[in-house]
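# Notes for the structure review
Listed below, chain by chain, are the residues.
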Amino acid sequence: MAQVPGSPDETGKHASLPWTPGDGGESALEAIQVLETYKKKDPSKVVVRFKAVGNAPIMKTNFYKITAANRFQAVIQFLRKELGWKAGDPLFTYINLAFSPAPDDTVSNLYKSFATEGHLIVNYSTTAAWG
C-alpha cells in the first residue's frame, strides 16, 4: 500500500513532507508575501449613484465615491446615515432596478459586473419594489 506524505508509517514515525513550516525555504517566504498582499485593502474608489424609487425621499447629492473593497452592507449603512433612517426603518436596495444584492457582496464585484456609464446605480425604496 502506498505511503501518504505526512502519515505515520508502520513504526509510528511521520513520513517527511515536501515542505514544512519550519524549513525556512523560499516557498515559505513566497507564502508570507502572498498573505501580506491579500491582507492589503484595495484603495480604489467606485462612483455610486443613488436613485429613489416610489415614495422614498430624494437625496440632495446622488453621487458618492465609495471604497471598492467595502461590502455592500457598508453602502446600506451609509445610505441609512445619509437619509437619517434608523436601523429598524425599512430600506430596500436594488442594483439597476433589477435585483437586490447580498450584503456580503463587494462593491468592486458589483461595479465590475453591473456598472452603467461608469457608475454603480443603487436604487432604494421604503417598500419592496421588485421580487
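What you see is a predicted model; the values in this text were computed from it and never measured.

For strand β4 (residues 120–125), a buried count of 6 out of 6 residues is recorded, marking the element as mostly surrounded by other parts of the structure. Where burial is concerned, the two faces of β4 agree: the one with Leu-120, Val-122 and Tyr-124 and the one with Ile-121, Asn-123 and Ser-125 are both buried. As defined by bridge partners, strand β1 (residues 45–52) adjoins β4 across 5 bridges and the pair is classed as parallel. From the neighbouring strand, Arg-49 faces β4, where its bridge partner is Ile-121.

Another aspect to go through is the side chain of Thr-126. Locating Thr-126 in the fold gives a position in the segment after β4. A polar atom in the side chain of Thr-126 sits 2.6 Å from the side chain of Asn-55. Not counting the four nearest positions on each side in its chain, Thr-126 is found in contact with Asn-55, Ala-56, Trp-85, Pro-90 and Phe-92.

Our next topic: helix α2 (residues 72–83). Counting along an α-helix, one turn takes 3.6 residues, and residues three or four places apart therefore face a common direction. If you check α2, its first and last C-alpha atoms are 17 Å apart, about what 12 residues at 1.5 Å a residue would give, namely 16 Å. Within the sequence span of α2, burial applies to Phe-72, Val-75, Ile-76, Leu-79, Arg-80 and Leu-83. Along the long axis of α2, the arc covered by the buried residues comes to 135°, so they all point the same way. Contact partners of the buried residues in α2: β1, β2 (63–67), β3 (92–95), α3 (107–114) and β4.

Glancing now at the environment of Ser-100. Examined against the element boundaries, Ser-100 turns out to sit in the loop between β3 and α3. Exposure remark for Ser-100: the relative accessible area of 47% places this residue in the partly exposed category. Along the backbone, Ser-100 and Tyr-124 are 24 residues apart, and their C-alpha atoms lie at a distance of 9.8 Å. What Ser-100 contacts, discounting residues up to four positions off in sequence, is Thr-93 and Tyr-94.

Attention shifts here to α3. Buried within α3 are the following residues: Val-107, Ser-108 and Leu-110. Buried residues of α3, viewed axially, fall in a sector of 165°; they line one side. Exposed side chains of α3 directed beyond 90 degrees from the buried face belong to Lys-112 and Ser-113.

It is worth spelling out the environment of Leu-97 at this point. When you line up the elements, Leu-97 lands in the loop between β3 and α3. The sequence separation of Leu-97 and Asn-123 amounts to 26 residues, and the corresponding C-alpha distance is 6.3 Å.

Turning to unusual backbone geometry, a few remarks are in order. Notably, Leu-97 is not glycine yet its phi reads approximately 55°, a positive angle. Residue classification places Leu-97 among the partly exposed positions, given a relative accessible area of 43%. The phi torsion at Glu-117 lies on the positive side, around 50°, for a residue other than glycine. By relative accessible area, Glu-117 is classed as exposed at 74%.

Criteria and thresholds
- Residues numbered from 1 in each chain as written.
- Predicted model: local features only at pLDDT ≥ 70, side-chain atom pairs only at ≥ 80, totals over all residues.
- Heavy atoms only, no water.
- Buried < 20%, exposed > 50% of the residue type's maximum accessible area, 1.4 Å probe, protein only.
- Helix = DSSP H or I, 4+ residues; strand = E, 2+ residues; numbered from the N terminus.
- Pairing = 2+ DSSP bridges.
- Polar contact = N/O pair within 3.5 Å; in protein donor to acceptor, adjacent residues only side chain to side chain.
- Contact = heavy atoms within 4.5 Å.
- Expected span 1.5 Å × (residues − 1).
- Arc of directions from axis to C-beta.

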